[in-house]
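Structural overview
Each chain is listed here by its residues.
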Amino acid sequence: MTPIELEKRAFELADKLIDGEKLSKDDFALLIRAERELPEENAAALREKLSKRALELKQLHYGNAVYVRGLIEVTNYCKNNCLYCGIRRGNPTVSRYRLTKEQILSCCAEGYALGFRTFVMQGGEDAYFTPERVADIVREIKRNYPDCAVTLSLGEYPKEVYALWREAGADRYLLRHETANAEHYSKLHPAEMMLETRMDCLKNLRSLGFQTGCGMMIGSPYQSYETLAEDLVFIRDFRPQMVGIGPFIPAHDTPFANEKAGTFEQTLFFLSIVRILLPEVLLPATTALGTIHPHGREMGMLSGANVCMPNLSPADVRSKYSLYDNKLYTGSEAAQSLNDLEKRLETIGCNIAFVRGDSKLTE
Ligand code: 5AD
């Protein structure tokens, strides 16, 4: 295909996408390829076409509101050894920590006073956080703050465990699928981790009534136009309430330390596509996006994102939850600096909504 044909076809597909027509995996792959391979001027025009539509759809469903979530990173111990992740088991240079129930509750108290109405408990897969221990903390948060949503992001567990946490009152669960292609999955993870398990977890979470989030990194090693196309088909068909998308950023002392980072532009492109595929989805402008560009969050919002997740972890552990290098945890990334975030959002006509911000996506 000549560059001119590629351009023509990509713009046709962008129109189809905007019109709500169903694209095939090959269509998505071509669109993704065009964004990477067309001359920058044309690629930018393609991104702009989709971000314009994504922004319209976001405005239609959410107006100028940005939902904020207080992110509490409860542990950086992890039994897994994902090749990309800075807190993988095999990284001996990580200074490990875990928060006590009291510390987590005091994060919530501080967050509540700041205006947060969603708390996200995220952590590595740490045996210290037994199913019952997590359930107990969730119950306590929900008892103290019945008007708040609790989101968990603690990795893969059997359905019974998810059910226990749901009964304890957890509302949402984030578990990125990382890639919808099994072969790619096996290149990002050690042999004991399987895409099938991940997908089963996501289905179980959904069937238990969690607002469920999947997602992937953009630019992870071995990713291709085809695997990314499979991610989009999966996201469209699974219809998650939330999608977490950020650039891959290498982490030191991991097998992927010397790999290239994902690009800012491609990440924005995917935010727009996902907004168009699922107009009501909750879509964060991730910390990783803020890390690779000084205006990452604002640009994310202009490309279709509508959620921000400032860091509410105790100040002394923030630098230890280093999933990747140079991860932000100060300035607008800190829960304590909501004013700072508010000012940034004002420059693009958005404002923080101090509400639970539940998903409007139903089955
Ligand atoms: N770069 C970007 N994102 C990463 N994550 C883990 N390691 C990295 C990295 N090096 C993401 C994964 C995981 C989420 C918690 O953080 O997608 O699901």
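Anything mentioned here points back to the structure above.
Below, the structure is looked at part by part.

**Overview of the packing of aromatic side chains**
- If you walk through the whole model with that rule in mind, you get 13 aromatic pairs.
- Between Tyr62 and Tyr67 the ring centres are 5.6 Å apart and the planes differ by 85°, which places this aromatic pair in the edge-to-face class.
- Under the relative-accessibility criterion, Tyr62 is labelled buried at 6%.
- Using a relative accessible area of 10% as the deciding quantity, one classes Tyr67 as buried.
- Taking the centre distance of 6.2 Å and the plane angle of 85° together, the rings of Phe269 and Phe270 count as edge-to-face. Here Phe269 and Phe270 have matching classes, each one buried.
- When the ring centre of Tyr128 is taken as reference, the NZ or CZ atom of Arg133 above it lies at 4.0 Å.
- For Arg206, the ring lying beneath its charged end belongs to Phe238, and the centroid distance is 4.6 Å.

**Considering the sheet that holds strand 6 (residues 211–218)**
- Taken in spatial order, the 6 strands make up an open sheet running 2-3-4-5-6-7, and their pairing is parallel. Two strands bound the open sheet, and with one partner strand each, they are strand 2 (70–75) and strand 7 (242–247). Within the sheet, the average angular offset between the axes of one strand and its neighbour, ignoring direction, is 20°.
- Lying on the sheet, helix 9 (residues 225–238) is in contact with strand 6 and strand 7; it crosses strand 6 at an angle near 170°.
- Sheet contacts for helix 10 (residues 264–277): strand 6 and strand 7; angle to strand 7, the most-contacted strand, approximately 165°.

**Thoughts on the site of the ligand**
- Around the ligand lies a shell formed by Tyr84, Cys85, Arg176, Glu178, Met217, Pro247, Phe248, Ile249, Leu323 and Tyr324.
- Between an oxygen atom of the ligand and a side-chain N or O atom of Arg176, the distance comes to 2.9 Å.
- Of all the cavities here, the one that holds the ligand is the largest cavity.
- The residue inventory of the shell around the ligand, partitioned by class, reads 8 nonpolar, no polar and 2 charged.

**Describing empty space enclosed by the protein**
- Evaluation of the coordinates by the stated rule reveals 1 cavity of 30 Å³ or more.
- Here the largest cavity defines a volume of roughly 1000 Å³.
- In terms of lining, the largest cavity is formed by 49 residues, of which the most central are Gln122, Ser153, Arg176, Glu178 and Leu323.
- Those elements that place two or more of their residues in the lining of the largest cavity are strand 2, strand 3 (118–123), strand 4 (149–153), strand 5 (172–174), strand 6, strand 7 and helix 11 (287–292).
- Ranked by residue count, the leading element in the lining of the largest cavity is strand 7, at 5 residues.

**Concerning helix 5 (residues 131–144)**
- Over its 14 residues, helix 5 runs 20 Å from end to end, which matches the ideal 20 Å to within 8%, given 1.5 Å per residue.
- Restricting attention to buried positions, one finds in helix 5 the residues Val134, Ala135, Ile137, Val138, Glu140, Ile141 and Lys142.
- Contacts from the buried residues of helix 5 go to helix 4 (101–114), strand 3, strand 4 and helix 6 (159–167).

**Thoughts on helix 6**
- Within helix 6 the residues assigned to the buried category are Val161, Tyr162, Ala163 and Trp165.
- Summarising the contacts, the buried residues of helix 6 are in contact with helix 5, strand 4, strand 5 and helix 8 (195–207).

**With respect to the packing of helix 2 (residues 25–37) against helix 3 (residues 40–62)**
- At a minimum axis separation of 7 Å, helix 2 and helix 3 run at an interaxial angle of 130°. For the element pair helix 2 / helix 3, the angle class is oblique. Two packed elements cross with a definite hand, and for helix 2 against helix 3 that hand is left-handed. In this structure, helix 2 contributes Leu31, Ala34, Glu35 and Arg36 to the contact, and helix 3 contributes Ala43, Leu46, Arg47 and Leu50.

What counts and what doesn't
- Residues numbered from 1 in each chain as written.
- Predicted model: local features only at pLDDT ≥ 70, side-chain atom pairs only at ≥ 80, totals over all residues.
- Heavy atoms only, no water.
- Phe/Tyr/Trp six-rings, centres within 6.5 Å; stacked < 30°, edge-to-face > 60°.
- Buried < 20%, exposed > 50% of the residue type's maximum accessible area, 1.4 Å probe, protein only.
- Lys NZ or Arg CZ within 6 Å of the ring centre and 35° of its normal.
- Pairing = 2+ DSSP bridges.
- Helix = DSSP H or I, 4+ residues; strand = E, 2+ residues; numbered from the N terminus.
- Axes fitted to C-alpha atoms, helices over the stretch in contact; angles between N-to-C directions.
- Contact = heavy atoms within 4.5 Å.
- Near = heavy atom within 4 Å.
- Polar contact = N/O pair within 3.5 Å; in protein donor to acceptor, adjacent residues only side chain to side chain.
- 1 Å grid on protein atoms, 1.4 Å probe; cavity = no way out; pocket = protein on both sides within 12 Å on 5 of 7 lines; lining within 4 Å.
- Sits in = over half its atoms within 2 Å of the grid points.
- Nonpolar A, V, L, I, M, F, W, Y, C, P; charged D, E, K, R; others polar.
- Points joined across faces, edges and corners; volume = space filled by probe spheres on them.
- Expected span 1.5 Å × (residues − 1).
- Parallel < 35°, antiparallel > 145°, perpendicular 65-115°, else oblique.
- Left-handed = near helix turned anticlockwise from the far one by under 90°.

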